[in-house]
Amino acid sequence: MNQLELSDKYLMQTYPRRTLWFTHGKGIYLYDCQGNEYLDCISGIGVNVLGHSHPEWCGVVNEQLHRLVHTSNLYLIPPQLQLARKLIELTFPGKVFFTNSGTESIEGALKIARKYSRLKYNSKRWEIISFDNSFHGRTLGSLSVTGREKYRNPFNPLIPGVNFARFNDIQSVTSLINENTCAIIVEPVQGEGGIIPANKSFLKELSQICEQNDIILIFDEIQCGFGRPGSWYACQDYEVIPDIILSAKGLGNGLPIGAIIANEKVQDVFQPGDHAHTFGGNPLSSTGSLATIHIMEQYEILQHIREIAGLFRNELEHLSKKYSFIKEVRSRGVMIGIELTPDRSAAEVVAKVREKNVLIGTCGENSLRLLPPFIIKKNEVECLISRLDAVFENLKK
Ligand SMILES: Cc1ncc(COP(=O)(O)O)c(C=O)c1O
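Throughout what follows, the structure given in this document is the object of discussion. Just so it is clear, the model here is predicted, and its values are computed rather than measured. (Residues numbered from 1 in each chain as written. Predicted model: local features only at pLDDT ≥ 70, side-chain atom pairs only at ≥ 80, totals over all residues. Heavy atoms only, no water.)

1. Notes on the sheet that holds strand β3 (residues 37-40)
Here comes step 1: The mixed open sheet is built from 4 strands, whose spatial order is β1-β2-β3-β15. Bordering the open sheet on either side are β1 (22-26) and β15 (358-359), each of which pairs with just one other strand.
Here comes step 2: Across 3 bridges, strand β2 (residues 29-32) lies against β3 in antiparallel orientation. Residue Leu30 lies in a different strand from β3, and its bridge partner there is Tyr38.
Here comes step 3: Against the sheet, helix α14 (residues 378-395) engages β2, β3 and β15, with an angle of about 105° to β3. (Pairing = 2+ DSSP bridges. Helix = DSSP H or I, 4+ residues; strand = E, 2+ residues; numbered from the N terminus. Contact = heavy atoms within 4.5 Å. Axes fitted to C-alpha atoms, helices over the stretch in contact; angles between N-to-C directions.)

Okay, here's the thing in structure tokens:
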């Protein structure tokens, strides 16, 4: 059987039919079995932050692979301890719990918020406020706080006590708060929803409300954090410090790892027996994550992201002036959304861009999504823009 037949016969068809696969990658390029080279500007949906086969990263991970892969959290894991310390140094005083994915980070945070509030207040204080258009993952808890009905509805009933406010509308939040509200969960930049940044004043007010009412403020930075905005976490740009930051995706540069970074207020809510993962932060994924951070520090990659983000903004502004079907370009660092007018289909544009050997994605109602690796260079951005330009030029016809 060929790959397509194997896929059709043995995989649950949870994605639109895929026809492309890759044999290897190098830097920001992926290669298919015929040797065709693709400019990867989606990075495994915001994951391969150092691109593919980064030599130093591979060296460190390879060494760990041959020494020790997994022991479980029944024992201390030295690279995990180093990683926890590093994440705390990069954020705020507190403690870390490691997971394997974004959605598991969400689940753990919801449990922390509920346990904190029920212990401190009453057994009814378990309501959560989330936002329209948000995306937090596919497990039942994460789905329950995801603000897009198309994802939630097929799986109802989900966990009760979740209310949805309007993103960037503080009035809509205050009108939902009551004595049973235990947590507010928000993406500082909505990713799946269309790359929509929160307003600074909105997040500041949200944080004040949470502080006044002892509500746990959770920032889902699974897509918008870990360097992508040009700072370690988006909350640092916004100058708003939540109680919990959730991380995953780029954190392991491709190895599955997520983190719940909790401040001193909630760091000790979980007691032995409350929560666990078999794999979370195992020796291999922790080593991979630590190596990613070290490389980002050594090569001043955050500074590079800020510079490259400026180039992206200028170039895309130019394109948006040139093509009337570009409704809006929104970005935060190297997290970029290009919204198209409703008469164009983002999915069709992505397919046309792929014919030019460039990989990008979609998001929101009708936006193109670019999540390039952080190591993308100036000439690669220019190459990407010229290929987009060529596709857009043809769309005019
Ligand atoms: C903001 C956000 N939260 C949570 C998730 C879920 O992460 P995962 O797919 O690793 O479970 C995603 C995934 O796209 C995300 O973008």
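2. Describing the environment of Val186
Here comes step 1: Mapped onto the fold, Val186 is located in strand β7 (residues 181-186).
Here comes step 2: Exposure remark for Val186: the relative accessible area of 1% places this residue in the buried category.
Here comes step 3: Sequence-wise, Val186 and Asp132 are 54 residues apart; in three dimensions their C-alpha atoms are separated by 9.9 Å.
Here comes step 4: Not counting chain neighbours up to four residues away, the residues in contact with Val186 comprise Phe131, His136, Phe167, Leu203, Leu206, Leu217, Ile218, Phe219 and Asp220. (Buried < 20%, exposed > 50% of the residue type's maximum accessible area, 1.4 Å probe, protein only.)

3. Some remarks on the packing of aromatic side chains
Here comes step 1: Using the criterion set out here, one finds 11 aromatic pairs in the structure.
Here comes step 2: A centroid spacing of 5.6 Å and a plane angle of 80° characterise the contact between Phe131 and Phe202, whose relative ring orientation is edge-to-face. With Phe131 in strand β5 (residues 127-131) and Phe202 in helix α9 (residues 200-213), this pair connects stretches of sequence that are 71 residues apart.
Here comes step 3: Summarising the aromatic geometry, the rings of Phe226 and Tyr233 are spaced 6.5 Å apart at their centres and angled 55° between planes, so their arrangement reads as tilted. Taken as a pair, Phe226 and Tyr233 share a single burial class, namely buried.
Here comes step 4: Each residue in the set Phe131, Phe167 and Phe202 is aromatic and connected to the rest through ring pairs, giving one cluster.
Here comes step 5: Here the guanidinium or amino end of Arg125 rests over the ring plane of Tyr121, the centre of that ring lying 3.9 Å away.
Here comes step 6: In this structure, Arg332 is placed above the aromatic ring of Tyr238, and the distance from its NZ or CZ to the ring centre is 4.5 Å. (Phe/Tyr/Trp six-rings, centres within 6.5 Å; stacked < 30°, edge-to-face > 60°. Lys NZ or Arg CZ within 6 Å of the ring centre and 35° of its normal.)

4. Considerations on the pattern of salt bridges
Here comes step 1: What the rule picks out here adds up to 23 salt bridges.
Here comes step 2: Where Glu89 meets Lys86, a salt bridge forms, and the shortest distance between an N and an O atom there is 3.9 Å. Here the residue Glu89 and the residue Lys86 both occupy positions in helix α4 (residues 78-90), the gap between them amounting to 3 residues, near one helical turn.
Here comes step 3: With its nearest N and O atoms 2.7 Å apart, the salt bridge here joins Arg330 to Glu339. This pair shows no difference in class: Arg330 is buried, exactly as Glu339 is.
Here comes step 4: Connected through salt bridges with shared partners, the residues Arg85, Lys86, Glu89 and Glu297 form a single ionic network. (Salt bridge = Lys/Arg side-chain N within 4 Å of Asp/Glu carboxyl O.)

5. Some points on the environment of Gly193
Here comes step 1: Within the secondary structure, Gly193 sits in the loop between β8 (189-190) and β9 (196-197).
Here comes step 2: Sequence spacing of Gly193 and Gly364 is 171 residues, and the spatial spacing of their C-alpha atoms is 4.2 Å.
Here comes step 3: Ignoring sequence-local partners within four residues, the contact set of Gly193 consists of Asn133, Arg148 and Gly364.

6. Quick notes on the side chain of Asn48
Here comes step 1: Along the chain, the position of Asn48 falls in the loop between α2 (43-46) and α3 (55-67).
Here comes step 2: Setting aside chain neighbours within four positions, we find Asn48 in contact with Ser43, Asn253, Gly254 and Pro373.

7. Brief notes about the sheet that holds strand β6 (residues 162-165)
Sheets are built from strands that pair by backbone hydrogen bonding, the pairs being arranged parallel or antiparallel.
Here comes step 1: The 7 strands are arranged β4-β12-β11-β10-β7-β5-β6 in an open sheet whose pairing can be described as mixed. Edge strands, defined here as strands with exactly one partner in the open sheet, are β4 (94-99) and β6. Pairwise comparison of adjacent strand axes, ignoring direction, gives a mean angle of 20° for this sheet.
Here comes step 2: Note that β4 and strand β12 (residues 258-263) share 6 bridges and pair antiparallel. Residue Val96 lies in a different strand from β12, and its bridge partner there is Ile261.

8. Digging into the environment of Asn62
Here comes step 1: The topology assignment puts Asn62 in helix α3.
Here comes step 2: A relative accessible area of 40% means that Asn62 is categorised as partly exposed.
Here comes step 3: Separated by 222 residues in sequence, Asn62 and Leu284 have C-alpha atoms that sit 9.1 Å apart.

9. Let's talk about the packing of α3 against helix α11 (residues 283-298)
Here comes step 1: Two elements in contact, α3 and α11, have axes separated by 9 Å at closest approach and are oriented at 155°. Taken together, the axes of α3 and α11 lie roughly antiparallel to each other. Taken as a pair, α3 and α11 cross one another with a handedness that is right-handed. Across from Glu56, Trp57, Val60, Val61, Gln64 and Leu65 in α3, the residues of α11 making contact are Pro283, Leu284, Thr287, Gly288, Ala291, Thr292, Ile295 and Gln298.
Here comes step 2: In the contact of α3 with α11, the residues fall into 8 nonpolar, 5 polar and 1 charged. (Parallel < 35°, antiparallel > 145°, perpendicular 65-115°, else oblique. Left-handed = near helix turned anticlockwise from the far one by under 90°. Nonpolar A, V, L, I, M, F, W, Y, C, P; charged D, E, K, R; others polar.)

10. A few points about the site of the ligand
Here comes step 1: The ligand sits among Ser101, Gly102, Thr103, Phe135, His136, Gly137, Glu187, Asp220, Ile222, Gln223 and Lys249.
Here comes step 2: Residue Thr103 places a main-chain N or O atom 2.8 Å away from an oxygen atom belonging to the ligand.
Here comes step 3: Within the side chain of Lys249, a nitrogen or oxygen atom sits 3.2 Å from an oxygen atom of the ligand.
Here comes step 4: Out of a free accessible area of 390 Å², the ligand has 82% covered by protein chains.
Here comes step 5: A class-by-class count of the residues in the shell around the ligand yields 2 nonpolar, 6 polar and 3 charged. (Near = heavy atom within 4 Å. Polar contact = N/O pair within 3.5 Å; in protein donor to acceptor, adjacent residues only side chain to side chain. Areas by Shrake-Rupley, 256 points an atom, 1.4 Å probe, with all protein chains shown as cover.)

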